[in-house]
Amino acid sequence: MKIKWLIGFLLLLFGSMGYYFSLPDPLFKVSYATIVEDKQGNLLSASIASDGQWRFPQPDSVPDQFRSCITLFEDEYFDRHPGVNPVALLRAIRQNWQAGNIVSGGSTITMQVVRLAREGRPRTVWEKLIEILLAIRLELAYDKEEILTLYAAHAPFGGNVVGLEAAAWRYYGRGPEQLSWGEAATLAVLPNSPALIYPGKNQEFLRIKRNRLLDKLYDRGIIDALTCRLAQGEPLPGKPMALPALAPHLLTRIRKEGLSGRRIRSTLDIHRQQQVKEAVQRHYQRLKGNGIYNAAAVVLAVETGEVIAYVGNTEGGGKERHGSSVDIITAKRSTGSILKPFLYAAMLTEGSLLPYALVPDVPTFIRGFAPKNFDEGYDGAVPADEVISRSLNVPAVLMLRDYGVEKFHYLLKKTGMTTLSQPPGHYGLSLILGGAEATLWDLAGMYAGMARTMNHYFQLAEPKRYDKHEFFAPSYLKRNEKQPSLLSAHGMLSAGALWYTLEAMAKVRRPSNETGWEYYASSRKIAWKTGTSFGYRDAWAIGLTPEYVICVWVGNADGEGRPGLTGLTAAAPLLFDIVPLMPETDWFSYPASDMREAKVSRASGYRASLYCNDTVSMAIPQARQTAPLCAYHQRVHLDAGGHFRVSSHCESVGQMQHQSWFVLPAIQEWYYRQKNPGYRTLPPFRSDCDQAATRVELMQLIYPTQHARLYIPRELDGTEGKVVFEIAHRVPDTKVYWHLDGRYFGETQHQHQMGLQPAKGEHQLTLVDENGEVLEHTFEIL
């Protein structure tokens, strides 16, 4: 007897355990659509599930209207039974017996959830018994709301539409929480006969079923008579609608990043997304006439780095050959000049440069690299802030040479540029002019870090105090505020340096339709920068305020260059169409405690030296090293009339005038005075004075540089060409006599250029002016 009791107990135990674990986990082993929502839960884009069904991931709840409709239609006693309704089962048995076939299943909503989870099983008595047992088990594991949500998410609604949410969007173009009573009733009757009652077909069957349910809702007092009549008069759905596609490239990116089959609540704002997308499309319609088919824009919130708008490309009318499916935001593209502000800020932070210090702008040849300005002209020397505001290439290259490619490469990586896969030497000085590639995504994060550094700076007695890290990658997901995605660039760019950088960027010339913006009260101050890659393939424009960063790219996804494809003409107009879409903001606060007063030369922009007579007091950034002194002012000695230079060899000291004179190197002076008529050249030496006493170089070779290695070009007809040598002379009217390897070749005056045809090997060029000034230069012909 004891053994029988033991066996019975064990059978009961194992049976109970088997029953407890009888529900599969997960209950539904199906694929789901990938859904992208904005920060408020509004649908932005969706992609179909891998099995070809429009099946949205399970929501948190079911709208009240649909709950009332579905329970009244499918399972009136849903809230009171334990998963099985015995009365309904007995009624179904009687109806099926009388009809001679199955006309009613008597299933509750809970039982239907079990049947949907066990998809493909035959409808037999044995299967019905299993459904009953599992329905009771389901009721023990889930509450009523969870069960109803499971049903609403997996019930068939005709064709390849599965689930309430997918049905609402496909048949009515909006979410289930926005459905009317008539629409909710229509969808409630569909799962009962999805194959027979399909929207767009069998309209009369669908109308009868819907209206019958609405009458029942009225009879139960759930809706009033007016609501019932209005709902019964609503039209039935027609052909299934396309789902929203406001962020298709973000959707594709999410799937590539392993988030398929999930509901993604992004940080985007649906209204801003719609507006930015429309702006991109408007400009696409204008640009495509010039063979420019692609554009992208991303907008970030500075403080959080969260994405507000993400438009990865244009909608090219379904023409895949124009690359409209490419997500430009994550694509690597040549940077052009877009990195120049980081170099300027880095040099100010270091102290190797002051905000308005002169930088050479002359023909430059560095180991075969010959950068050119966009207008192919030269200014001789320009204030450093104009290198940013005018986007000058030659001075930027010379600044990078002084700062160091290795240091700049390191800075870019630490501030968020992830595409620098090669060592610094691979890029060289071209790094500042588009020699590297970047993504719109990285650049947005880097410029947001600039603005964030300014926002986080405390104006206290101790400089460089920040309350959090400034540089981190952007995110389209809500951040875990306790663990942001840091890039550890803490304090790499000082607030004082960034203040001058942003001010220089605010002076960048705007597109023609923005001319005179500073005279209008409605205009907004924005720091911004453009970039144009070699061959007119990429046009960039990035703007930032204390609250927002807007990044724009325009071009062709396949890399085809087009005339007029520049940052100013192609990308900037789109940027300034997006700026008014953002809320107005104030300008950055002045970081007073990160500045110090210093005497600087008004002419050179460097710290005033002993000979500077044009000093002005200005605030400069606190730096890691002392800024260099001005080397451009020299003390010169003039005769009593002030017309000629003299020395103690030809004039008594008591008869001399001693003046401080702003003197540029000869090659810089040559170009500088063409753009600056007020520049005073040094007076000539009096005829009886020895010019050798001067420390000022009168001649300087423009091309080639000392010890250069040159190739002789060939003309179009195949004949050997010439190397054109060029010098700058402080007194252009002076005659200069040219000698190559001791042999006289000719003379020049005014324009000092000479075409020569040296043989292969090393040579020495000797230049002698009419006053005996000598300049010697060696070079090699390869």
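Residues numbered from 1 in each chain as written. Predicted model: local features only at pLDDT ≥ 70, side-chain atom pairs only at ≥ 80, totals over all residues. Heavy atoms only, no water.

Some points on a nonpolar patch on the surface
Now for step 1: Taken together, the side chains of Val125, Trp126 and Leu129 make up a nonpolar region of the molecular surface, amounting to roughly 380 Å² of accessible area.
Now for step 2: Position of Leu129 among the secondary structure elements: in helix H5 (residues 125-141).
Now for step 3: Among the residues examined, Leu129 registers a relative accessible area of 43% and is labelled partly exposed. (Patch = residues over 30% accessible without salt bridge, like charges linked within 9 Å, V, L, I, M, F, W, Y side chains within 5 Å. Areas by Shrake-Rupley, 256 points an atom, 1.4 Å probe, with all protein chains shown as cover. Salt bridge = Lys/Arg side-chain N within 4 Å of Asp/Glu carboxyl O. Helix = DSSP H or I, 4+ residues; strand = E, 2+ residues; numbered from the N terminus. Buried < 20%, exposed > 50% of the residue type's maximum accessible area, 1.4 Å probe, protein only.)

Brief notes about the packing of helix H12 (residues 270-287) against helix H20 (residues 567-578)
Now for step 1: Two elements in contact, H12 and H20, have axes whose closest approach is 10 Å; the angle formed by their N-to-C orientations is 150 degrees. Between H12 and H20, the angle falls in the class roughly antiparallel. For H12 against H20, the interelement crossing comes out right-handed. Across the interface between the two elements, Val276, Ala279, Val280, Arg282, His283, Arg286 and Leu287 from H12 touch Thr569, Ala570, Pro573, Leu574, Asp577 and Ile578 from H20.
Now for step 2: Split into classes, the residues belonging to the contact of H12 with H20 amount to 8 nonpolar, 2 polar and 3 charged. (Axes fitted to C-alpha atoms, helices over the stretch in contact; angles between N-to-C directions. Parallel < 35°, antiparallel > 145°, perpendicular 65-115°, else oblique. Left-handed = near helix turned anticlockwise from the far one by under 90°. Contact = heavy atoms within 4.5 Å. Nonpolar A, V, L, I, M, F, W, Y, C, P; charged D, E, K, R; others polar.)

A word on the nonpolar core
Where a protein is soluble and globular, its nonpolar side chains tend to be buried together.
Now for step 1: Among the nonpolar cores identified, the biggest contains 114 residues, and Phe408 and Leu544 are the most heavily contacted of them.
Now for step 2: With 10 residues, helix H18 (residues 440-456) is the single largest residue contributor to this core.
Now for step 3: In contact with Phe408, not counting residues within four places along its chain, are Leu339, Phe342, Leu343, Leu400, Tyr403, Leu431 and Ile432.
Now for step 4: Counting 57 residues, the second largest nonpolar core, distinct from the first, contains Phe78, Val113, Tyr171 and Leu187. (Core = buried A, V, L, I, M, F, W, Y, C linked by side-chain atoms within 4.5 Å.)

Concerning the environment of Asp379
Now for step 1: Residue position: Asp379 is located in the loop between strand S9 (358-361) and strand S10 (380-383).
Now for step 2: The exposure class assigned to Asp379 is buried, which follows from its relative accessible area of 9%.
Now for step 3: Spatially, the C-alpha atoms of Asp379 and Tyr671 are 5.4 Å apart, while their sequence positions differ by 292 residues.
Now for step 4: Not counting residues within four places of it along the chain, the set of residues in contact with Asp379 comprises Asp361, Arg390, Tyr671, Tyr672 and Lys675.
Now for step 5: Within the structure, the side chain of Asp379 is placed 2.7 Å from the side chain of Arg390, a separation counted as a polar contact.
Now for step 6: Polar side-chain contacts of Asp379 include one of 2.7 Å to the side chain of Lys675. (Polar contact = N/O pair within 3.5 Å; in protein donor to acceptor, adjacent residues only side chain to side chain.)

Description of the packing of helix H13 (residues 340-350) against helix H19 (residues 495-506)
Now for step 1: Between H13 and H19, whose axes approach to 8 Å, the crossing angle comes to 145 degrees. Every pair of crossing elements has a handedness; the one defined by H13 and H19 is right-handed. In this structure, H13 uses Pro341, Tyr344, Ala345, Leu348 and Thr349 to contact H19, whose residues at the interface are Ala497, Leu498, Tyr500, Thr501, Ala504 and Met505.
Now for step 2: Along the lines of polarity and charge, the residues of the contact of H13 with H19 split into 9 nonpolar, 2 polar and no charged.

Things to note about the sheet that holds strand S2 (residues 43-47)
Now for step 1: Taken together, the 3 strands give an open sheet; going across it, the order is S2-S1-S5, and neighbouring strands pair in mixed fashion. Strands at the two margins of the open sheet, each flanked by one partner only, are S2 and strand S5 (263-265). Taking each pair of neighbouring strands and ignoring which way they run, the sheet shows an average axis angle of 15 degrees.
Now for step 2: Pairing analysis gives 3 bridges linking strand S1 (residues 34-37) to S5, with the strands arranged parallel. In the sheet register, Ile35 faces S5, and the bridge partner there is Arg263. (Pairing = 2+ DSSP bridges.)

Let's talk about the sheet that holds strand S19 (residues 699-703)
Now for step 1: Taken in spatial order, the 3 strands make up an open sheet running S19-S21-S24, and their pairing is antiparallel. Both edges of this open sheet fall to S19 and strand S24 (753-756), since each of them pairs with a single strand only. With direction set aside, neighbouring strand axes in the sheet form an average angle of 30 degrees.
Now for step 2: Pairing between strand S21 (residues 723-729) and S24: 4 bridges, direction antiparallel. In the sheet register, Glu726 faces S24, and the bridge partner there is Gln753.
Now for step 3: Sitting on the sheet, helix H21 (residues 666-675) touches S19 and S21, and the angle it makes with S19 is about 80 degrees.

Points about the confidence of the model for the chain
Now for step 1: Confidence in the prediction for the chain averages 86 pLDDT; 87% of positions are at 70 or higher.
Now for step 2: Strand S7 (residues 307-311) holds the highest mean pLDDT among the elements of the chain, 98, whereas helix H1 (residues 2-20) holds the lowest, 61.
Now for step 3: In the predicted structure, residues 459-468 sits below a pLDDT of 50 and forms 30 contacts with residues beyond four places in sequence or in another chain.
Now for step 4: Below pLDDT 50 for its whole length, residues 481-489 participates in 19 contacts with residues either more than four positions away or in separate chains. (pLDDT = per-residue confidence, 0-100.)

Topic: empty space enclosed by the protein
Now for step 1: With the rule as written, the count across this model stands at 1 cavity of 30 Å³ or more.
Now for step 2: In this structure, the largest cavity is lined by Leu348, Gly351, Leu353, Leu354, Arg596, Ile620, Pro621, Ala623, Gln625 and Ala627.
Now for step 3: Of the residues belonging to the lining of the largest cavity, the class tally is 7 nonpolar, 2 polar and 1 charged. (1 Å grid on protein atoms, 1.4 Å probe; cavity = no way out; pocket = protein on both sides within 12 Å on 5 of 7 lines; lining within 4 Å. Points joined across faces, edges and corners; volume = space filled by probe spheres on them.)

Notes on H19
Now for step 1: Over its 12 residues, H19 runs 16 Å from end to end, which matches the ideal 16 Å to within 8%, given 1.5 Å per residue.
Now for step 2: Taken across its 12 residues, H19 has 12 buried, putting it largely inside the fold. (Expected span 1.5 Å × (residues − 1).)

Some details on the pattern of salt bridges
Now for step 1: By the definition in use, this model includes 29 salt bridges.
Now for step 2: Across the pair Arg265 and Glu37 runs a salt bridge, and its minimum N-O distance is 3.1 Å. Linking Arg265 in strand S5 with Glu37 in strand S1, this pair joins segments that are 228 residues apart in sequence.
Now for step 3: By relative accessible area, Arg265 is classed as partly exposed at 45%.
Now for step 4: Here Glu183 ties to Arg174 by a salt bridge, and the two come within 2.2 Å at their closest N and O atoms.
Now for step 5: For Glu183, a relative accessible area of 9% puts it in the buried group.
Now for step 6: Salt bridges linked by common partners bring Glu37, Glu165, Arg263 and Arg265 together as one network.

Describing the state of the cysteines
Defined simply, a disulfide is a covalent bond joining two cysteines at their sulfur atoms.
Now for step 1: Tallied over the full model, the rule gives 1 disulfide.
Now for step 2: Residue pairing for Cys650: its cysteine sulfur links by disulfide to Cys689, the two sulfurs lying 1.6 Å apart. Since a negative S-S torsion denotes a left-handed disulfide, the Cys650-Cys689 link at about 85 degrees is right-handed. Note that Cys650 is positioned in the loop between strand S17 (633-638) and strand S18 (657-662) and Cys689 in the loop between H21 and S19, a separation of 39 residues in sequence. Side by side, Cys650 and Cys689 carry an identical accessibility label, which is buried. (Disulfide = S-S within 2.5 Å.)

Examining the side chain of Thr110
Now for step 1: Mapped onto the elements of the fold, Thr110 is located in helix H4 (residues 109-117).
Now for step 2: Thr110 gets classed as buried once you look at its relative accessible area, which sits at 0%.
Now for step 3: Aside from chain neighbours lying at most four places away, what touches Thr110 is Phe78, His81, Gly83, Ala135, Leu138, Glu139 and Ile147.

Structural notes on the environment of Val302
Now for step 1: The residue Val302 is located in the loop between strand S6 (294-301) and S7 in this model.
Now for step 2: Taking the C-alpha atoms as reference points, Val302 and Thr453, 151 residues apart in sequence, are found 9.8 Å from one another.
Now for step 3: The residues touching Val302, leaving out its near neighbours within four places in the chain, are Ala448, Ala451, Arg452, Asn455, Thr545, Pro546, Glu547, Tyr548 and Val549.

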